[in-house]
Number of protein chains: 2
Amino acid sequence: MPTRTALKTSLLFDVFALSQQVGTLLQLAMRDAGMRPSDYAAYSVVLEGGPLTLTELARQLGMPVTTAADYVRAMLARGHLRKQPHPNDSRAQLLALTPAGVRAHRTANTRFERAYRAIIRELPPLDEADAREVLQRLTESAARAADRFAERLADS
Amino acid sequence: MPTRTALKTSLLFDVFALSQQVGTLLQLAMRDAGMRPSDYAAYSVVLEGGPLTLTELARQLGMPVTTAADYVRAMLARGHLRKQPHPNDSRAQLLALTPAGVRAHRTANTRFERAYRAIIRELPPLDEADAREVLQRLTESAARAADRFAERLADS
């Protein structure tokens, strides 16, 4: 197996290869989970971080609001999501899972956990907390860089 | 902005949010690049690591061979890729970019570099080399975990 470091690729390529490889793992582990791995991520954010606004959901998922809105539409169509009034902002709505949404997440979770345990087993010598900190800092760096681009496009 | 660490999410969620956020950055920076960011990754591997086999391409991209074959088909259809005989294995073929493929990659590269410089500018206090090492080790962990799943499925 050729090592990836032998290529003159970049940090951004490394992110691509990692996400593809994790995608491959999740496809295998979640093939009978009843939802796609990306859906599972969206359900998880609403369950763990909700009730929350569409903007907050998008930020947590690292997506533009328009993309997060596609996920929300699909979850609503499945009867897995409900909207409730925002207590402090009459123009905003909060998103929460319905009982059926919580059950769908729980089913998928047992499959997701297989993938999670499998990668944790293969992690050493890397430390999980250290790796998570690097991933989260990189995400924040990418978010700031994307915000700058969006500002520049809005000004041009 | 809510911090991501506040959620009881996992390492795999962090990878998802990172890849989405980098995808958002690349969409903005490469909107007039003539190819999608994921195509650019495939062209880059063939250019930097080629001539190479389909299996090697798939491994570098972190993809199943079937998915990498879709990229190869599209590149062949655009006249950007050519197949040549493998010098040591008469059953295998090597993939290389055509001159038109190299030109398409070069055009996209100027846009890609804008995204790369933008995230590097926002990286501190994270060190680029340290971050790349973590990403590459995580990719190898995910590859080993996926291989185990694939073996188990083949045996069952």
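All values reported here derive from a predicted model rather than from experimental measurement. (Residues numbered from 1 in each chain as written. Chains lettered and ligands numbered in written order. Predicted model: local features only at pLDDT ≥ 70, side-chain atom pairs only at ≥ 80, totals over all residues. Heavy atoms only, no water.)

(A) Structural detail: the overall build of chain A. Scanning chain A from N- to C-terminus turns up 6 helices and 2 strands. Starting at the N terminus and walking to the C terminus, you meet the elements of chain A as α-α-α-α-β-β-α-α. Considered along the principal axes of its C-alpha atoms, chain A spans approximately 55 × 45 × 25 Å. For chain A, with 156 residues in total, the buried portion stands at 51%. For chain A, the proportion of contacts with a sequence separation of at least 24, taken over those separated by at least 6, is 51%. Entry remark: accessible area of chain A is about 7,600 Å², with carbon and sulfur atoms responsible for 51%. In chain A, 21 positive and 17 negative side-chain charges are present, and the distance between their average locations comes to 6 Å. (Helix = DSSP H or I, 4+ residues; strand = E, 2+ residues; numbered from the N terminus. Buried < 20%, exposed > 50% of the residue type's maximum accessible area, 1.4 Å probe, protein only. Contact = heavy atoms within 4.5 Å. Areas by Shrake-Rupley, 256 points an atom, 1.4 Å probe, with all protein chains shown as cover. Lys, Arg positive; Asp, Glu negative; His and termini not counted. Charge placed at Lys NZ, Arg CZ, Asp CG, Glu CD.)

(B) A look at the interface of chain A and chain B. On the chain B side, the residues contacting the 72 residues of chain A number 71 residues. Buried surface at the junction of chain A and chain B, both sides included, amounts to about 7,400 Å², of which 71% is carbon and sulfur. Scanning the region where chain A abuts chain B turns up 6 salt bridges. Salt-bridge contacts for Arg144 of chain B lead to Glu122 of chain A; the nearest nitrogen and oxygen are separated by 3.0 Å. Summed over the shared surface of chain A and chain B, the number is 14 residue pairs in polar contact (both at pLDDT 80 or more). Top element by residues in the side of chain A that touches chain B is helix H6 (residues 128–155) of chain A. It accounts for 21 residues. Per-class residue counts for the side of chain A that touches chain B are 42 nonpolar, 15 polar and 15 charged. (Buried area = accessible area lost by both parts, 1.4 Å probe. Salt bridge = Lys/Arg side-chain N within 4 Å of Asp/Glu carboxyl O. Polar contact = N/O pair within 3.5 Å; in protein donor to acceptor, adjacent residues only side chain to side chain. Nonpolar A, V, L, I, M, F, W, Y, C, P; charged D, E, K, R; others polar.)

(C) Representation of the environment of Ala33 of chain A in the model. All names here are of chain A. Looking at where Ala33 falls in the secondary structure, it is placed in the loop between helix H1 (11–29) and helix H2 (37–49). A relative accessible area of 4% means that Ala33 is categorised as buried. C-alpha separation for the pair Ala33 and Ala143, spaced 110 residues apart in sequence, amounts to 30 Å. Dropping the residues within four chain positions of it, Ala33 is found in contact with Thr107, Ala108 and Arg111.

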